[in-house]
Structures are given as structure tokens and as C-alpha cells.
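Structural overview
Each chain is listed here by its residues.
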Amino acid sequence: FLGDSHSFCTNLYELFSYFLGHTIDKVLFQKAKDEYMRLVDFALTWLIACILMAVATITLAWRGTMPRIVRVFIMMENISYWLTSCSIFFWLSLTIYMIISPDPPLMFNVTHFMLFILAINAANHSMINVYKEMGECDEISLWRSQQAYTLAAPIYVMAIIKGTTSAMGIIFKQLDKSW
């Protein structure tokens, strides 16, 4: 959207350059200029998409067709919730790899990364407080649900494998799996 250089990006660069205290950070920032422009373009595209989705949602709710759409999405989520169980293995293996490997798999600016993590933790903390108030529950139940997700991941994967083999047996071998 913005091309190779734009006043919006120049202002953004000046904002980030405030945090670039080391010379190497400034050099890396200059080398990654095209990637930062692509990042800004993607962020603007995503912002426009979110605004359009919000307008579409408000329009559909105003016309009264939103409950039917919400029911379809709830059914879709109920059918496909198990698909996220495989991601826990990626995060566990990445953690183990980062502990064992002599070379880091990710190269990043520490200052920017820590500011990003601080922003994510602030958002996480505020969301946990909102959900605690909405559900009238304590924090331990939220953490237990996260632990249950981690512990149940192998069960989900085994269920996927067993369900797939059973489905293949029903489809191709005409097995009776109703018992």
C-alpha cells in the first residue's frame, strides 16, 4: 500500500529508533527496512479486514441473520476443536530444542522482543482478570484448564489416529464399529 518509503513509515521508524540504543540495532533495523515496510502493509491490510468484518457483523446482526450464522460457527468449532491439540507438541519440542541446541533458532532484537512480551503479558493479565470476573472463578481454575490442555494433547492425538483408522475400516472394509 505504502510503497518503499512513506511519511507514516518514517514516523514509525523514528518511534522505534528511540529504543535503538546500540549501533548494531540501528544497522539491523536499516537492513530489515523492506521487511518492516511489508509488516506495516500487512498490519494495515489486517486492520482494514477487521474493520470490514466488524461492519459486516453489525449489518448482519441488524438484519437478524446473525443467530443462524453463530450457530453454524459453534457447530464448526465443536467439530474441529481437536485440531489445535497438535500445536502443543510444537511448543514443547521448540522449548526442548532451545534448551539443548547451542545455536538459537530465533534471532531477534532483545529490546523489541521484551517490549513485545511485556505488552502481551499486560494483555494476558487483563484478559484473565476480565474472565475471572465474568465466570466468578479464581485464577487456579484458569491455570488448571491450561494444564489440562497440555496433558490431554496425547489423548487427542491418539483419538485422531484411532478415529481415522476406524473410519478407514468402516469405509473400505465395511467393518461394524457400532459396538
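This one's a predicted model, so the numbers in the text were calculated from it and none came from an experiment.

What counts, and at which threshold
- Residues numbered from 1 in each chain as written.
- Predicted model: local features only at pLDDT ≥ 70, side-chain atom pairs only at ≥ 80, totals over all residues.
- Heavy atoms only, no water.
- Helix = DSSP H or I, 4+ residues; strand = E, 2+ residues; numbered from the N terminus.
- Contact = heavy atoms within 4.5 Å.
- Areas by Shrake-Rupley, 256 points an atom, 1.4 Å probe, with all protein chains shown as cover.
- Patch = residues over 30% accessible without salt bridge, like charges linked within 9 Å, V, L, I, M, F, W, Y side chains within 5 Å.
- Salt bridge = Lys/Arg side-chain N within 4 Å of Asp/Glu carboxyl O.
- pLDDT = per-residue confidence, 0-100.

What follows deals with the overall build of the protein. Across its full length, the protein holds 7 helices and 0 strands. Residue pairs at least 24 apart in sequence account for 60% of intrachain contacts in the protein once pairs closer than 6 positions are excluded. When the accessible surface of the protein is split by element, carbon and sulfur atoms take 71% of a total near 14,900 Å².

One can find Asp176 in the segment after helix 7 (139–173). Residues Asp176 and Ser166, 10 residues apart in the sequence, show an inter-C-alpha distance of 9.4 Å.

This paragraph deals with a nonpolar patch on the surface. There is a patch of nonpolar side chains on the surface, built from Phe113, Met114, Phe116 and Ile120 and spanning about 380 Å² of accessible area. With respect to the element layout, Phe116 can be found in helix 6 (residues 110–135).

Mean pLDDT for the protein: 76, with 69% of residues reaching 70 or above. Of all secondary-structure elements in the protein, the lowest mean pLDDT belongs to helix 2 (residues 23–31), at 66, while helix 3 (residues 33–63) reaches the highest, 86.

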